[in-house]
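Geometric and topological summary
Below are the chains, spelled out letter by letter.
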Amino acid sequence: MSAMEEKEKLIESLLEKSIDYGKTSFELVKLKVLDKTSNVVSSFIPHSAVFFLVASFMLFLNLGLALWIGELLAKAYLGFFVVAGFYFIVGVIIHVFLHKWLKRTFRDYIIKQVLK
């Protein structure tokens, strides 16, 4: 066997190993992406269920509160205006004072989940 043939076999072997390494690296990246995606989606489902239950609770609590305040004010619609005004004031306060903090908190949570 000549030196040229040995070099060709060596280069061919090196090329095959490089291709195998590339395929393995690609499979590893696919598995990591699948793991992160499944982690985010699987944590989203229970959070969605809890959010739905809390939202339903808040809806009925607010309806009851609005009707009760409306009864105290002798006009049912006034209770709804009072509750809506309360939420407007809370929304303005959150937007003015807590907007950046909430944005940063949610952004950090999402990044932590993706990099986990």
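Each helix and strand counted, the protein chain has two helices and zero strands in total. Whereas a compact globule of 116 residues would reach a radius of gyration of roughly 13 Å, the protein chain reaches 30 Å, over 25% beyond that. When each of the 116 residues of the protein chain is scored for burial, the buried share is 7%. Accessible surface computed for the protein chain: about 10400 Å², of which carbon and sulfur atoms make up 76%.

Evaluation of the coordinates by the stated rule reveals two aromatic pairs. Measuring from ring centre to ring centre gives 5.3 Å for F86 and Y87, while their planes differ by 70°; the resulting arrangement is edge-to-face. Residue classification places Y87 among the partly exposed positions, given a relative accessible area of 35%.

Next up on the list: a negative patch on the surface. A cluster of like negative charges, contributed by E5, E6, E8, E12, E16 and D20, occupies part of the molecular surface. Residue placement: E6 occurs in helix α1 (residues 3-72). Looking at E6, the relative accessible area reads 47%, which means it is partly exposed.

It is worth spelling out α1 at this point. With 70 residues, α1 extends 101 Å between its outermost C-alpha atoms, agreeing within 8% with the 104 Å of an ideal straight helix rising 1.5 Å per residue. Turning to α1, its buried residues are S43, N62, A66, I69 and G70. Looking at the packing, one finds that the buried side of α1 touches α2 (76-115). Directly after α1, the chain includes A74, whose backbone phi takes a positive value near 70°.

Time to look at unusual backbone geometry. With a phi close to 70°, A74 is a non-glycine residue in the positive phi region. Here A74 lies in the loop between α1 and α2. Of the residues examined, A74 reaches a relative accessible area of 65% and is grouped as exposed.

This part covers the environment of E71. Tracing the sequence through the fold places E71 in helix α1. Assessed through its relative accessible area of 66%, E71 is described here as exposed. On a C-alpha basis, the gap between E71 and I89 in space is 22 Å, while along the polypeptide they are 18 residues apart.

Turning next to the side chain of N62. Tracing the backbone shows N62 in helix α1. Sequence-distant contacts of N62, defined by excluding residues within four places in its chain, comprise V83 and Y87.

It is worth spelling out the pattern of salt bridges at this point. Applying the stated criterion across every chain yields a total of two salt bridges. Here E27 ties to K30 by a salt bridge, and the two come within 3.2 Å at their closest N and O atoms. Here the residue E27 and the residue K30 both occupy positions in helix α1, the gap between them amounting to three residues, near one helical turn. Judged by its relative accessible area of 40%, K30 is partly exposed. Put simply, R107 and D108 hold a salt bridge, and the shortest N to O gap is 3.6 Å. D108 sits in the partly exposed class, given a relative accessible area of 38%.

The rules behind these values
Residues numbered from 1 in each chain as written. Predicted model: local features only at pLDDT ≥ 70, side-chain atom pairs only at ≥ 80, totals over all residues. Heavy atoms only, no water. Helix = DSSP H or I, 4+ residues; strand = E, 2+ residues; numbered from the N terminus. Rg over C-alpha atoms; globule rule 2.2 N^0.38 Å. Buried < 20%, exposed > 50% of the residue type's maximum accessible area, 1.4 Å probe, protein only. Areas by Shrake-Rupley, 256 points an atom, 1.4 Å probe, with all protein chains shown as cover. Phe/Tyr/Trp six-rings, centres within 6.5 Å; stacked < 30°, edge-to-face > 60°. Patch = residues over 30% accessible without salt bridge, like charges linked within 9 Å, V, L, I, M, F, W, Y side chains within 5 Å. Salt bridge = Lys/Arg side-chain N within 4 Å of Asp/Glu carboxyl O. Lys, Arg positive; Asp, Glu negative; His and termini not counted. Charge placed at Lys NZ, Arg CZ, Asp CG, Glu CD. Expected span 1.5 Å × (residues − 1). Contact = heavy atoms within 4.5 Å.

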